[in-house]
Amino acid sequence: MDSHPAMQTPAVTFASAAAFLAVALAVLTPAPVHAQETPDFRAEFKGQFEASARKFVALSEAMPAESYSWSPMEGVMTVARVYRHVARYNYMYPHLNLGIDAPKGVDYRSLEEGGADKEEVARILAESMDHVRAVVDGMSDADLAAPVELYGRKVASWAVLLQLVTHMNEHLGQSIAYARMNRVVPPWSS
C-alpha cells in the first residue's frame, strides 16, 4: 500500500477525523458543574438578603433621630415610614403569599402608621429582618418549590422571597438617597 495521503482508505481518514474531533471537543467543552459547587437558592438568597439587611440596619443607626421625620417633599414617605414600610412587607409577603404568620403581637398592617421614634423604628426594622431569616431557615427545599400566588401569578415559593429582597433593595436605594440629602454618609461607603 502506498503511503501517499491521497491513497489512504476512507476508514483511515474517518478514524483520523474522529480522533481529531474527540480531542477538540474534550479541549473546548467546559468541565461539568457539580451540584455541590453551585449554591442553592437558599444560600444565594441569604447572601443577598444579609448584605441588604446589614446596610439597612447600619443606615437606620447612622441617621440622626431628628431626620426620622424628614421627607424630601410633601406627600412622600418620611425616613421612618420607609423603614416601617420595609418592615411591613417583610411580614406581609411571608404571610399573604407563603401562609406563614407574623409573630404573635405583630400587626404588620398598621406598621407604617406608627411614629418616628428612632429606637422604636430601628427595632421594628431589625425584628422584621429576623422574621425573614426565621422564615427562610424554616423552609425545606420542597417548601421553596411549592406553588403559590404572587400578584395574581402562579410562582414557586422562592419567587416570593426574591420579590421580598427586590422590594427591600428598592427602598434601600431610596434610603441611601434620603441619607445623602441629610448629609449622612452610608457607613459602608465612606
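Everything quoted here is computed from the prediction, not taken from an experiment.

Caption draft 1: Geometry of the side chain of Arg84. Assignment of secondary structure puts Arg84 in helix α3 (residues 79–98). Here the side chain of Arg84 touches Gly115 through a polar contact of 2.8 Å, landing on its backbone oxygen. Residues contacting Arg84, with those up to four places away along its chain left out, are Leu111, Glu112, Gly114, Gly115, Glu120, Val121 and Ile124.

Caption draft 2: Seen up close, the pattern of salt bridges. A full pass over the atoms with the stated rule returns 10 salt bridges. A salt bridge links Arg81 to Glu112; its shortest N-O distance comes to 3.2 Å. Of this pair, Arg81 sits in helix α3 while Glu112 sits in the loop between α3 and α4 (118–137), placing them 31 residues apart in sequence. Arg88 serves as the salt-bridge partner of Glu112, at 3.0 Å between the closest nitrogen and oxygen. With Glu112 in the loop between α3 and α4 and Arg88 in helix α3, this residue pair connects regions lying 24 residues apart in the sequence. By relative accessible area, Glu112 is classed as buried at 9%.

Caption draft 3: Spatial organisation of helix α6 (residues 157–181). End to end, α6 covers 37 Å across 25 residues, agreeing with the expected 36 Å (1.5 Å per residue, within 8%). Just downstream of α6, Arg183 is the residue with a positive phi angle, here 60 degrees.

Caption draft 4: Spotlight on the pairing of strand β2 (residues 153–156). For strand β1 (residues 147–150) and β2, the ladder comprises 4 bridges, and the chain directions are antiparallel. Looking at β2, one finds that Pro147 is bridged to Ala156. Between β1 and β2, which pair antiparallel in sequence order, lie 2 residues; one of them, Tyr151, sits at a positive phi of approximately 50 degrees.

Caption draft 5: A look at the side chain of Ser67. Note that Ser67 resides in the loop between α2 (41–62) and α3. Taking relative accessible area as the criterion, Ser67 reaches 4% and is therefore assigned buried. With residues up to four places along the chain from it excluded, the contact list for Ser67 reads Val79 and Asn182.

Caption draft 6: How the structure looks around the packing of aromatic side chains. If you walk through the whole model with that rule in mind, you get 8 aromatic pairs. Each ring, one from Phe45 and one from Phe49, has its centre 5.6 Å from the other, and the planes form 20 degrees; the classification is stacked. Of the two residues, Phe45 and Phe49 both sit in helix α2, 4 residues apart, roughly one turn of that helix. Just as Phe45 is buried, Phe49 falls in that class too. The interplanar angle of 80 degrees and the centroid separation of 5.9 Å between the aromatic rings of Phe56 and Tyr83 together place this pair among those described as edge-to-face. On the criterion of sequence distance, the pair formed by Phe56 in helix α2 and Tyr83 in helix α3 is long-range, its members being 27 residues apart. Exposure class is identical for Phe56 and Tyr83. Each is buried. Joined through ring pairs, the aromatic side chains of Phe41, Phe45, Phe49 and Trp158 make up one cluster. The ring of Tyr108 has Arg109 sitting right over it, with the charged end atom 4.7 Å from the ring centre.

Caption draft 7: Structural view of α3. Here α3 is 20 residues long and its end C-alpha atoms lie 28 Å apart, about the 28 Å a rise of 1.5 Å per residue gives. Backbone geometry just downstream of α3 places Gly99 in the positive-phi region, at approximately 75 degrees.

Caption draft 8: Quick look at the confidence of the model for the chain. Here the chain averages 86 in pLDDT, and 79% of its residues register 70 or above. Looking over the chain, one finds the lowest element-wise mean pLDDT in helix α1 (residues 10–28), namely 49, and the highest in α3, namely 98. Contacts for the low-pLDDT stretch residues 20–27, under 50 throughout, to residues beyond four places or in other chains number 0 contacts. Scored below 50 in pLDDT, residues 31–36 makes 1 contact in the model with residues more than four places away or belonging to other chains.

Cut-off values and rules
- Residues numbered from 1 in each chain as written.
- Predicted model: local features only at pLDDT ≥ 70, side-chain atom pairs only at ≥ 80, totals over all residues.
- Heavy atoms only, no water.
- Helix = DSSP H or I, 4+ residues; strand = E, 2+ residues; numbered from the N terminus.
- Polar contact = N/O pair within 3.5 Å; in protein donor to acceptor, adjacent residues only side chain to side chain.
- Contact = heavy atoms within 4.5 Å.
- Salt bridge = Lys/Arg side-chain N within 4 Å of Asp/Glu carboxyl O.
- Buried < 20%, exposed > 50% of the residue type's maximum accessible area, 1.4 Å probe, protein only.
- Expected span 1.5 Å × (residues − 1).
- Pairing = 2+ DSSP bridges.
- Phe/Tyr/Trp six-rings, centres within 6.5 Å; stacked < 30°, edge-to-face > 60°.
- Lys NZ or Arg CZ within 6 Å of the ring centre and 35° of its normal.
- pLDDT = per-residue confidence, 0-100.

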